[in-house]
Each structure stands twice: as structure tokens, then as C-alpha cells.
Amino acid sequence: MTTLLWSPLIAQAIPNAPKPGDWQFGWVSVGVVAGVAAVLCVVAWFIMRWLRTRERRISNSPWQLFKDLVAAHDLNHRERNLLMRLAQQFRLEQPAALFVEPAWWEPERLGPAWSRRLPEIEKLRRRLFAVR
């Protein structure tokens, strides 16, 4: 009841306030608001697309899996480099195969180029394929 009494007083106090039935507004303002909303939607779409692409690239990366396995096995920098060189020598599409297939570690398969590193390779092989 009191709001009905105050309404005419507020309307008289604010001379530029819109009155009932007065729907004059600027289409320019509507256009600006719509433009800002469209830009925000496009920016949000690009960000979501970029995040999905990045996530897909990381989750399907053979070398990222390799790095995760190196971290999981707590290998040092020298051991990681040794494994990377092995993966590159065998031209493995999935370098993580070195962690699951002991056949890659056989001295006959490694060849004479690795003869100096055989003790280090054997030590790493025992560490990775140890029975626990």
C-alpha cells in the first residue's frame, strides 16, 4: 500500500525516468550490447576449442606418455637421455614401449655402438623390469 503512495512522488522527483508505455530507446545501445555479447561468445568458443585441442594433443602424445613414465619411475636426467637415444635409434613410434617390452634391451638388438654403455643399460633394465 505504501509503495503505491510513493510511486507518483518518485516519478515526479526523477523527470527523465521512463514512464509506463514509453518504449523509446536507442537501437544503437541494443546493437552495442549485442555486439559485446557476440564477441564474448566468440572469445569463449575460441578458448574452449584451444583447451580441447591442447588436451587432446597432450593426451595422445607418445612422447608425453614417455615423459610421464620417466617421472613415474623416478629416472634421472642421464637415464632419461639414455632411454630417449634408444627410442630414437629404434625409431619407435611409441617410445613408451621401452618400459613394457624387455626385448628392446637385449645386447644383440642394441648393436656394437652401445657396447660401452652396456653395464649402464643392464642396470637400468634390471631396475625397470625388476620383479616386485
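Anything mentioned here points back to the structure above.
My aim in this report is to walk through the structure given alongside it, one point at a time. Counting of residues starts from 1 at the beginning of each chain's written sequence and follows it residue by residue. Note on the predicted model: pLDDT of at least 70 is required for a residue's local features to be given, and 80 or more for side-chain atom pairs to be given and counted; whole-chain, interface and lining totals, by contrast, use all residues. Side-chain measures here rest on the full set of heavy atoms in the structure, leaving out hydrogens and waters.

Helix axes are fitted to C-alpha atoms over the stretch in contact, other axes to C-alpha atoms as well, and angles between N-to-C directions run from 0 to 180 degrees. In this text, helices come from DSSP runs of H or I with a minimum length of four residues, and strands from runs of E with a minimum of two, each type numbered from the N-terminal end. One way to put it is that helix H3 (residues 62–72) packs onto helix H4 (residues 77–89) with a least axis distance of 11 Å and a crossing angle of 145°. The handedness of the crossing between H3 and H4 comes out as right-handed. In this structure, H3 contributes Trp63, Phe66 and Val70 to the contact, and H4 contributes Arg80, Leu83, Met84 and Ala87. A class-by-class count of the residues in the contact of H3 with H4 yields six nonpolar, no polar and one charged. In a left-handed crossing the near helix is turned counterclockwise from the far helix by less than a right angle, and in a right-handed crossing that turn is clockwise. By definition, residues are in contact when any of their heavy atoms lie within 4.5 Å. Polar here means any residue other than Ala, Val, Leu, Ile, Met, Phe, Trp, Tyr, Cys and Pro, which are nonpolar, and Asp, Glu, Lys and Arg, which are charged; Gly is therefore polar.

Turning our eyes to something else, we now look at the environment of Leu65. Structurally, Leu65 is set in helix H3. Leu65 sits in the partly exposed class, given a relative accessible area of 40%. With 29 residues separating them in the primary sequence, Leu65 and Gln94 have C-alpha atoms 8.6 Å apart. Note on exposure labels: buried denotes an accessible area under 20% of the residue type's maximum, exposed denotes more than 50%, and partly exposed covers the range between, all computed with a 1.4 Å probe on protein chains only.

Here the focus is the pattern of salt bridges. Between side chains of opposite charge, a pair can form as their charged atoms come close. The term salt bridge refers to a pairing of a side-chain nitrogen on Lys or Arg with a carboxyl oxygen on Asp or Glu at a separation within 4 Å. A complete count under the given rule lists five salt bridges for this structure. Its salt-bridge partner being Arg117, residue Glu120 comes within 3.1 Å of it at the nearest N-O pair. Assessed through its relative accessible area of 18%, Arg117 is described here as buried. Across the pair Arg126 and Glu122 runs a salt bridge, and its minimum N-O distance is 3.8 Å. Taken together, the positions of Arg126 and Glu122, both in helix H6 (residues 118–128) and four residues apart, correspond to about one turn of that helix. Residue class for Glu122 comes out partly exposed when judged on its relative accessible area of 27%. It is possible to trace a salt-bridge network through shared partners that takes in Arg78, Arg117 and Glu120.

Attention shifts here to H6. An α-helical turn contains 3.6 residues, so any two residues separated by three or four positions project in the same direction. All of the buried residues along H6 are Ile121, Leu124 and Leu128. All buried residues of H6 fall inside an arc of 65° around its axis, so they share one side. Facing away from the buried surface of H6 by more than 90 degrees, the exposed residues are Pro119, Lys123 and Arg126. Contacts made by the buried residues of H6 are with H4 and helix H5 (107–110). By definition, the arc is the one covered by directions from the helix axis to the C-beta atoms.

Okay, the environment of Leu86 next. Tracing the sequence through the fold places Leu86 in helix H4. The class for Leu86 is buried, based on a relative accessible area of 0%.

Within the largest apolar cluster, 19 residues are counted, with the highest numbers of intra-cluster contacts made by Leu83, Leu86, Leu98 and Trp105. For this core, the secondary-structure elements that each account for two or more residues are H3, H4 and H6. Ranked by the residues each element gives to this core, the list is headed by H4, at four residues. In this view, Leu86 contacts Leu98, Trp105, Leu110 and Trp114; residues no more than four positions away in its chain are not counted. The term nonpolar core refers to a set of buried residues drawn from Ala, Val, Leu, Ile, Met, Phe, Trp, Tyr and Cys, joined through side-chain atoms within 4.5 Å.

Geometric values such as these leave the question of function open.
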